[in-house]
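Architecture and fold: a report
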Amino acid sequence: MVVSRDKAPSAQETFLQMAQAAGLRGRLLITIGLLILVRVGIFIPVPDIDRQAFSQAINDNSVIGFLNIFTGGGLSTVGIFALGILPYINASIIMQLLTAAIPALEDLQKNEGEAGRRKISQYSRYIAFGWCIIQGLGLTIGLLRPYANNYGPLFIFQTVLAITAGSMFVMWISELITERGIGNGASLLIFVNIVATLPQTLGQTIEYAQSGGRQSITAVVLLMLVFLVMIVGIVFVQEGTRRIPIISARRQVGKKLYRERTSYLPLRLNQGGVMPIIFASAVLILPSSLAGFATGNEGLGGFGEILIQISNALRPGTWVYTVVYSVMIFFFSYFYASLIVNPEDVSKNLKKMGSSIPGIRPGKKTEQYLEGVLNRLTFLGAIFLSFVATLPIFVEQATGVTTFQGLGATSLLILVGVAIDTAKQIQTYVISQRYEGMIKQP
């Protein structure tokens, strides 16, 4: 097949390379196999629990329903992967906040190269392990106690041990996918878990439409149209970039004279991609986890009551939840933008390369200009993320269709964002295979 090296790979070329190229095919098979392994592990039960009674009791619990979106139903089945990748996501949030606040960790991340990043990852694993134990205790003592066959210290120990071991295994799988597979492991695990809940959600929606008559069908169609419009908007925003022109000065290297060149510095409208929405969702899960630990624990006294009240106020669908969710999205959008693009570093690199932005003086002026552009782009991106995150809540309340509760814009944004990022990575591998083929040709 003849291909042009100046064009993006077509769908035909992509699928052909996925089938024929050993490297890409191997990565895809590893990714698919590991994702299937995690899905199977969700249905391996934790012993000594009446799972049927527990599933019926939490059927209408909005917090558990929301958590199930990210665990793929692991909480309902009380499997060993009940917490899934959530403790690792929470640990990543904590570690990134500490990196921004502690100069020693910031220096480790920026100046120590690959060795520094490995240390940061190792610290994140330690935090994930500790946080998993806390969440496991909250789940065991707060939720599973009434449904345990033989509740006692032994039951608490073996349940927390099983859940912690399962979550650590899922974390290892996610890192393995990132290293040897395709795409970001943690994002793909959340993606698969969300997709796994779609058949049940769609089935409940169809039953609601059939049982409620014409009015219910109209409400369901309206909600579906809102989701379709949001998907289109998410794609445009995820792909939207501001291209800042860069002029490279004429320079001479030896006897060779390089002419003045014009290129672009692309700044994405949504620098953090799906991460602000994932991190905001993970932070809002923390109160419910702590409240589960506080429920029935008389030793905490008034502090336990405060945790329970905070958890009730932050239930999905309440106005407090909507406001806090939007604020967290804004915070993580700016936080992630500052981690990904540092205007000071970009300005210094442009000056070293003899490049500049037309009409902007190199140095401090360039830094201030880039910072202003980045802040405006991040503000627009955060507004969009907040809008798509809260719109389905109001539409569900207006239409009365609650079968999609928990599967709102949060899940939709993750699905679209992860699909786009994974597709881009596959295209990158296809392009690399294309150039390798050209080099090998005589």
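Note that the structure is a prediction, hence the values are computed from the model and not measured.

**Things to note about the packing of helix H6 (residues 86–101) against helix H7 (residues 103–111)**
Remark: H6 packs on H7, axes separated minimally by 5 Å, with the N-to-C direction vectors making an angle of 100°. On the basis of the axis angle, H6 is roughly perpendicular to H7. Along the contact surface, H6 presents Met95, Leu98, Thr99, Ala100 and Ala101, while H7 presents Pro103, Leu105, Glu106 and Gln109.

**Points about the layout of surface pockets**
In this structure, the largest pocket encloses a volume near 1,600 Å³. Along the walls of the largest pocket sit 49 residues, with Tyr88, Gln96, Ser121, Asn184 and Tyr336 positioned nearest its centre. Breaking the lining of the largest pocket down by element, the ones donating at least two residues are H6, H7, helix H8 (113–144), helix H9 (153–180), helix H10 (185–239), helix H11 (275–294), helix H13 (319–340) and helix H16 (409–440). When the residues that make up the lining of the largest pocket are grouped by side-chain class, the tally is 19 nonpolar, 19 polar and 11 charged.

**Points about the nonpolar core**
Core analysis: the largest hydrophobic core is formed by 82 residues, its most contacted members being Ile85, Ile89, Ile277, Ile278, Phe279 and Tyr325. Residue contributions to this core peak at 12 residues, all from H10. Leave out the neighbours within four places in its chain, and Ile85 touches Val170, Met171, Ser174, Ala186, Leu189 and Ile190. Of all hydrophobic cores here, the second largest spans 5 residues; its members include Leu24, Leu28, Ile182 and Val430.

**With respect to the packing of aromatic side chains**
Across all of its chains, the model carries 6 aromatic pairs by this definition. Relative to Phe332, the ring of Phe331 has its centre 5.1 Å away and its plane inclined at 75°; by these criteria the two rings are edge-to-face. Judged by relative accessible area, Phe331 falls into the partly exposed class, the value being 39%. For the pair Phe331 and Phe335, a centre-to-centre distance of 5.9 Å together with 10° between the ring planes defines the contact as stacked. Pair noted here: Phe331 and Phe335 are both in helix H13, with a separation of 4 residues, about one helical turn. Judged by relative accessible area, Phe335 falls into the buried class, the value being 9%. Among the aromatic residues, those joined into a ring-pair cluster are Phe81, Phe169 and Trp172. Taking the ring centre of Tyr264 as reference, the NZ or CZ of Arg243 above it sits at 4.3 Å.

Rules behind the numbers
Residues numbered from 1 in each chain as written. Predicted model: local features only at pLDDT ≥ 70, side-chain atom pairs only at ≥ 80, totals over all residues. Heavy atoms only, no water. Axes fitted to C-alpha atoms, helices over the stretch in contact; angles between N-to-C directions. Helix = DSSP H or I, 4+ residues; strand = E, 2+ residues; numbered from the N terminus. Parallel < 35°, antiparallel > 145°, perpendicular 65-115°, else oblique. Contact = heavy atoms within 4.5 Å. 1 Å grid on protein atoms, 1.4 Å probe; cavity = no way out; pocket = protein on both sides within 12 Å on 5 of 7 lines; lining within 4 Å. Points joined across faces, edges and corners; volume = space filled by probe spheres on them. Nonpolar A, V, L, I, M, F, W, Y, C, P; charged D, E, K, R; others polar. Core = buried A, V, L, I, M, F, W, Y, C linked by side-chain atoms within 4.5 Å. Buried < 20%, exposed > 50% of the residue type's maximum accessible area, 1.4 Å probe, protein only. Phe/Tyr/Trp six-rings, centres within 6.5 Å; stacked < 30°, edge-to-face > 60°. Lys NZ or Arg CZ within 6 Å of the ring centre and 35° of its normal.

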